[in-house]
Amino acid sequence: MTVRDLVLPAFFGDALALGAHWIYDDAEIAEAFPDGIRDYEDPRSDYHPGKQAGDFTHYGDQTLVLLESLDRHRGFDAAAWRKDWLTYWRGKPNSYLDGATRRTLENSAAGLDRPSESHDLGGAARAAALFALNFSNDDEAVAAARAQTHLTHGDPRVPAVAEFITLATRRVLEGASFAHAFESAATEGMPDLAAAHEAAQGSDEDLTNLGLSCDVAKAFPLMVALALKHESDPVAALRENARLGGDSAARGIPLGLLMGAKHGLAAFPSVWSGKLTKFDRISSVLDRLALLPA
């Protein structure tokens with residue numbers, strides 16, 4: 001298993017979600033995508049002007065900023081990550097300015113080094129980029145995941161979920177099933193997963209009943225349920241996540257990471273790599289980071 005097997009599927013999850021991202025009406029999604037979402041699509045909502053199929057949402061964009069920060073500084077440095085993140089947004093990129101980002105930037109402009117109070121899953125999702133590094137133990141990996149998340153998200157549930165994603169992925173890499181990995185990774189302060197386990201055994205309606213919003217209390221259990229339901233089929237997992245809509249991108253990044261840890265890059269369509277707008281950029285960074293000593 002290489003860093004490509006882990007990180008690229010996380011970006012697949014975001015790019016695949018772009019088409020129906022932040023659309024909450026099932027009928028609207030069905031009309032726009034009558035055959036479901038099987039490949040990258042242009043965004044149908046108004047939240048991503050100028051984006052096209054193969055691009056990332058603002059979550060994927062920030063995950064790439066973190067990945068490039070790791071490359072620039074030859075590892076994770078919280079202060080350097082904050083500087084790189086601020087520099088990216090001050091450059092007025094073609095990327096949606098979500099609430100957590102906007103409030104964190106406002107705090108910075110006021111001279112305050114503190115995050116927003118956001119409880120969105122998106123901040124934790126960025127931790128997928130950290131799997132481009134080979135942390136020697138759980139404590140180091142968790143500390144980095146929490147620190148990168150806390151840059152923008154002050155609600156304690158969000159760093160707790162970043163810790164869960166990190167530990168669960170590491171357990172899957174060791175050979176654990178999703179159920180065992182998730183049980184092992186459960187940490188204080190994160191949303192309860194009992195409903196996620198129940199929904200994974202049920203219908204599509206049971207999945208959507210968990211909630212499609214950005215709130216970590218809804219988006220995180222749905223991501224877990226999708227992982228459990230489609231553990232043996234990573235492509236179906238990412239396609240189903242994209243088809244559900246809502247905040248599909250925040251779910252798609254950690255879902256892709258987990259599926260990559262379980263199945264490797266070869267389990268996904270090769271065209272998904274080729275059609276990523278920023279594939280060459282990501283690939284070059286991953287190649288350089290792979291040369292770092294453990």
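Higher on the page you've got the structure.
Notes on the structure follow. (Residues numbered from 1 in each chain as written. Predicted model: local features only at pLDDT ≥ 70, side-chain atom pairs only at ≥ 80, totals over all residues. Heavy atoms only, no water.)

Re the pattern of salt bridges
Then, number 1: The tally for this structure, following the rule as stated, stands at 19 salt bridges.
Then, number 2: Arg146 is paired through a salt bridge with Glu163; the nearest N and O atoms lie 2.7 Å apart. Here Glu163 lies in helix α8 (residues 157-173) and Arg146 lies in helix α7 (residues 138-150), a separation of 17 residues in the sequence.
Then, number 3: On the basis of relative accessibility, which here comes to 28%, the residue Arg146 falls in the partly exposed class.
Then, number 4: Notably, a salt bridge pairs Glu174 with Arg171, separated by 2.8 Å at the nearest N-O pair.
Then, number 5: Here the salt bridges share partners, and the residues they tie into one network are Asp138, Arg170, Arg171 and Glu174. (Salt bridge = Lys/Arg side-chain N within 4 Å of Asp/Glu carboxyl O. Helix = DSSP H or I, 4+ residues; strand = E, 2+ residues; numbered from the N terminus. Buried < 20%, exposed > 50% of the residue type's maximum accessible area, 1.4 Å probe, protein only.)

Some thoughts on the packing of aromatic side chains
Then, number 1: Under the defined criterion, the tally for this structure stands at 14 aromatic pairs.
Then, number 2: Taking 5.9 Å as the distance between ring centres and 75° as the angle between the ring planes, the aromatic pair formed by Phe12 and Trp272 counts as edge-to-face. On the criterion of sequence distance, the pair formed by Phe12 in helix α1 (residues 3-17) and Trp272 in helix α15 (residues 270-274) is long-range, its members being 260 residues apart. For the pair Phe12 and Trp272, one class covers both residues: buried.
Then, number 3: Grouping aromatic residues by their ring pairs yields a cluster made of Phe12, Tyr40, Phe268 and Trp272.
Then, number 4: One residue, Lys262, lies across the ring of Phe178, its end atom 5.7 Å from the ring centre. (Phe/Tyr/Trp six-rings, centres within 6.5 Å; stacked < 30°, edge-to-face > 60°. Lys NZ or Arg CZ within 6 Å of the ring centre and 35° of its normal.)

Overview of the nonpolar core
Then, number 1: Formed by 98 residues in total, the largest nonpolar core has its most connected members in Leu67, Phe164, Phe182, Phe220, Val224 and Leu276.
Then, number 2: Those residues in contact with Phe220 that lie beyond four places of it in its chain are Leu121, Val161, Phe164, Met190, Pro191, Leu193 and Asp215. (Core = buried A, V, L, I, M, F, W, Y, C linked by side-chain atoms within 4.5 Å. Contact = heavy atoms within 4.5 Å.)

Re the environment of Lys275
Then, number 1: In this structure, Lys275 sits in the loop between α15 and α16 (279-289).
Then, number 2: Lys275 gets classed as partly exposed once you look at its relative accessible area, which sits at 44%.
Then, number 3: In this view, Lys275 contacts Asp39, Tyr40 and Gly54; residues no more than four positions away in its chain are not counted.

Quick look at the side chain of Arg251
Then, number 1: When you line up the elements, Arg251 lands in helix α14 (residues 248-263).
Then, number 2: The buried charged residue Arg251 lacks any salt bridge, with Asp247 as its nearest oppositely charged partner at 6.4 Å.
Then, number 3: From its side chain, Arg251 meets the backbone oxygen of Gly245 in a polar contact 2.8 Å long.
Then, number 4: Those residues in contact with Arg251 that lie beyond four places of it in its chain are Leu121, Leu212, Ala219, Leu222, Met223, Leu226, Asn241, Leu244, Gly245 and Gly246. (Lys, Arg positive; Asp, Glu negative; His and termini not counted. Polar contact = N/O pair within 3.5 Å; in protein donor to acceptor, adjacent residues only side chain to side chain.)

As for a negative patch on the surface
Then, number 1: On the surface, a cluster of negative charge is made up of Asp25, Asp26, Glu28 and Glu31.
Then, number 2: Positionally, Asp26 belongs in helix α2 (residues 26-32).
Then, number 3: Residue classification places Asp26 among the partly exposed positions, given a relative accessible area of 49%. (Patch = residues over 30% accessible without salt bridge, like charges linked within 9 Å, V, L, I, M, F, W, Y side chains within 5 Å. Areas by Shrake-Rupley, 256 points an atom, 1.4 Å probe, with all protein chains shown as cover. Charge placed at Lys NZ, Arg CZ, Asp CG, Glu CD.)

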